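# Structure assessment
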Amino acid sequence: MIQSLKDTVKLNNGLPMPGFGLGVWKVKDGEEVIHSVRSALAAGYPMIDTAAIYRNETGVGEALRQSGVKRDDVFITTKVWNADQGYESTLAAFDTSMKKLGIETVDLYLIHWPTAGKYKETWKAMEKLYKDGRARAIGVCNFHEHHLEDLLQDAEIKPAVDQIELHPLLSQVPLRNYCYKEGITVEAYSPLGSGGLINHPTLKAIGEKYGKTAAQVMLRWDVQNEIITIPRSTQEAHIISNADIFNFELSPEDIDKIDALNEDKRFGADPDNFNF
């Protein structure tokens, strides 16, 4: 189990990946993202998750430099955007991301969405980046089981991670079970339902039992399920609060109550039906 902020999950290639980190989706480049990342690193966060389409890789890189934290002590994830998918274009997009971040290697590089007709060529480029040592691990985002099965037909290297929308209203149990069976680590984005679940009555009631917020309950539910989680916040107090989940444990009964909230409800796009 992920028992502390520094605990890691071993990926299928042996790389240790932190179980908890900061996501920076919708965080503005410049001072906002610099403040968020520096606050998270100061609070002991071991991982930052960005993407080319977030348009804040430059700020993330600047925050890393300003923080004084050693590069080896921070796990960095970024992603190739849909418009850049394809073999040569993925390699070029990777170079652009590295320049913006100011780093030479990334810990995890992900395909952002399963763009039809492109993701297999993209994966070949990802495999090259991995073999060349430029990405320490490679994986995907928003891949359903059938996308993964299709990719695995031709892949030389199995994805290490599938980063998916996952929260109590979208628990994704069948996909999680498939990934666990295949040795693919599951990572949750929008773990708080894009903020839409922080006032959910069941989650608030469970939190009151432990002296915790609904947000802390949801993040604790993730780590107790061995799901890597990357909550986003721009406020230092929330960044610190989100990480304050390693001093209590949800009972099996409360885990069951949270599991029962699933409605297969998405706050983001469906990977089978997106147009970007």
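Structure: above.
Quick notes on the rules
Residues numbered from 1 in each chain as written. Predicted model: local features only at pLDDT ≥ 70, side-chain atom pairs only at ≥ 80, totals over all residues. Heavy atoms only, no water. Helix = DSSP H or I, 4+ residues; strand = E, 2+ residues; numbered from the N terminus. Rg over C-alpha atoms; globule rule 2.2 N^0.38 Å. Buried < 20%, exposed > 50% of the residue type's maximum accessible area, 1.4 Å probe, protein only. Contact = heavy atoms within 4.5 Å. Phe/Tyr/Trp six-rings, centres within 6.5 Å; stacked < 30°, edge-to-face > 60°. Lys NZ or Arg CZ within 6 Å of the ring centre and 35° of its normal. Pairing = 2+ DSSP bridges. Right-handed = clockwise from strand over helix to strand, strands pointing away. Axes fitted to C-alpha atoms, helices over the stretch in contact; angles between N-to-C directions. Parallel < 35°, antiparallel > 145°, perpendicular 65-115°, else oblique. Nonpolar A, V, L, I, M, F, W, Y, C, P; charged D, E, K, R; others polar. Core = buried A, V, L, I, M, F, W, Y, C linked by side-chain atoms within 4.5 Å.

### Some details on the overall build of the protein
The helix and strand tally for the protein stands at ten helices and ten strands. In terms of overall dimensions, the protein is globule-like: its C-alpha atoms have a radius of gyration of 18 Å, near the 19 Å expected for 276 residues. Along the longest, intermediate and shortest principal axes, the C-alpha atoms of the protein span 55 × 40 × 35 Å. By residue count, 54% of the 276 residues in the protein fall in the buried class.

### Description of helix H2 (residues 57–67)
Along H2, the residues classified as buried are Glu57, Gly59, Val60, Gly61, Ala63 and Leu64. In this structure, the buried residues of H2 make contact with helix H1 (31–42), strand E4 (47–49), strand E5 (75–80) and helix H3 (87–101). Phi turns positive one or two residues past the end of H2, at Gly68, with a value near 80°.

### Description of the packing of aromatic side chains
Centre-to-centre distance and the angle between the planes together describe a pair of aromatic rings. Taken as a whole and judged by the stated rule, the model has nine aromatic pairs. Between the aromatic rings of Phe20 and Tyr45, the centroid separation amounts to 5.3 Å while the plane-to-plane angle is 65°, which identifies the pairing as edge-to-face. Pair noted here: Phe20 is in the loop between strand E2 (16–18) and strand E3 (22–23) and Tyr45 is in the loop between H1 and E4, with a separation of 25 residues, a long-range link. Each member of the pair, Phe20 together with Tyr45, is buried. Look at Phe20 and Phe246: their rings are 6.2 Å apart centre to centre, the planes differ by 75°, and that puts the pair in the edge-to-face class. You can see Phe20 sitting in the loop between E2 and E3 and its partner Phe246 sitting in the loop between helix H9 (236–242) and helix H10 (252–259), a full 226 residues away along the chain. Using a relative accessible area of 1% as the deciding quantity, one classes Phe20 as buried. Of the residues examined, Phe246 reaches a relative accessible area of 22% and is grouped as partly exposed. Among the aromatic residues, ring-to-ring pairing joins Trp81, Trp113, Phe274 and Phe276 into one connected group. If you follow Arg220 out to its NZ or CZ, it ends over the ring of Phe248, 5.8 Å from the centre.

### Regarding the pairing of strand E8 (residues 161–165)
Within E8, five of the five residues are buried, which leaves it mostly tucked inside the rest of the structure. Pairing of strand E7 (residues 138–141) with E8 involves two bridges; the strand directions are parallel. Bridged to Cys141 within E8 is Gln163. The parallel pair E7 and E8, bridged by helix H5 (residues 145–154), forms a crossover whose chirality is right-handed. Pairing of E8 with strand E9 (residues 185–189) involves five bridges; the strand directions are parallel. Across the sheet, Asp162 pairs through a bridge with Val186, a residue of E9. The parallel pair E8 and E9, bridged by helix H6 (residues 173–182), forms a crossover whose chirality is right-handed.

### Remarks on the pairing of E9
Counting buried positions over the five residues of E9 gives five, a clear majority of the element. The alternating pattern of E9 places Thr185, Glu187 and Tyr189 and Val186 and Ala188 on opposite faces, both of which are buried. Bridge analysis of E9 against strand E10 (residues 228–229) gives two bridges, and the strand direction is parallel. Bridged to Ala188 within E10 is Thr229.

### Looking at the packing of H2 against H3
Running from N to C, H2 and H3 point in directions that differ by 40°, and their axes come no closer than 7 Å. On the basis of their axis angle, the class for H2 and H3 is oblique. Counting all contacts with H2, which are made through Glu57, Thr58, Val60, Gly61 and Arg65, the residues of H3 involved are Ser97, Lys100 and Leu101. Along the lines of polarity and charge, the residues of the contact of H2 with H3 split into two nonpolar, three polar and three charged.

### Regarding the nonpolar core
Judged by nonpolar contacts, the single largest core of 89 residues is most densely connected at Val24, Val37, Ile48 and Tyr109. Top element by residues in this core is helix H8 (residues 214–224). It accounts for seven residues.

### Re the environment of Lys257
Residue placement: Lys257 occurs in helix H10. By relative accessible area, Lys257 is classed as partly exposed at 45%. Separated by 89 residues in sequence, Lys257 and Pro168 have C-alpha atoms that sit 9.7 Å apart.

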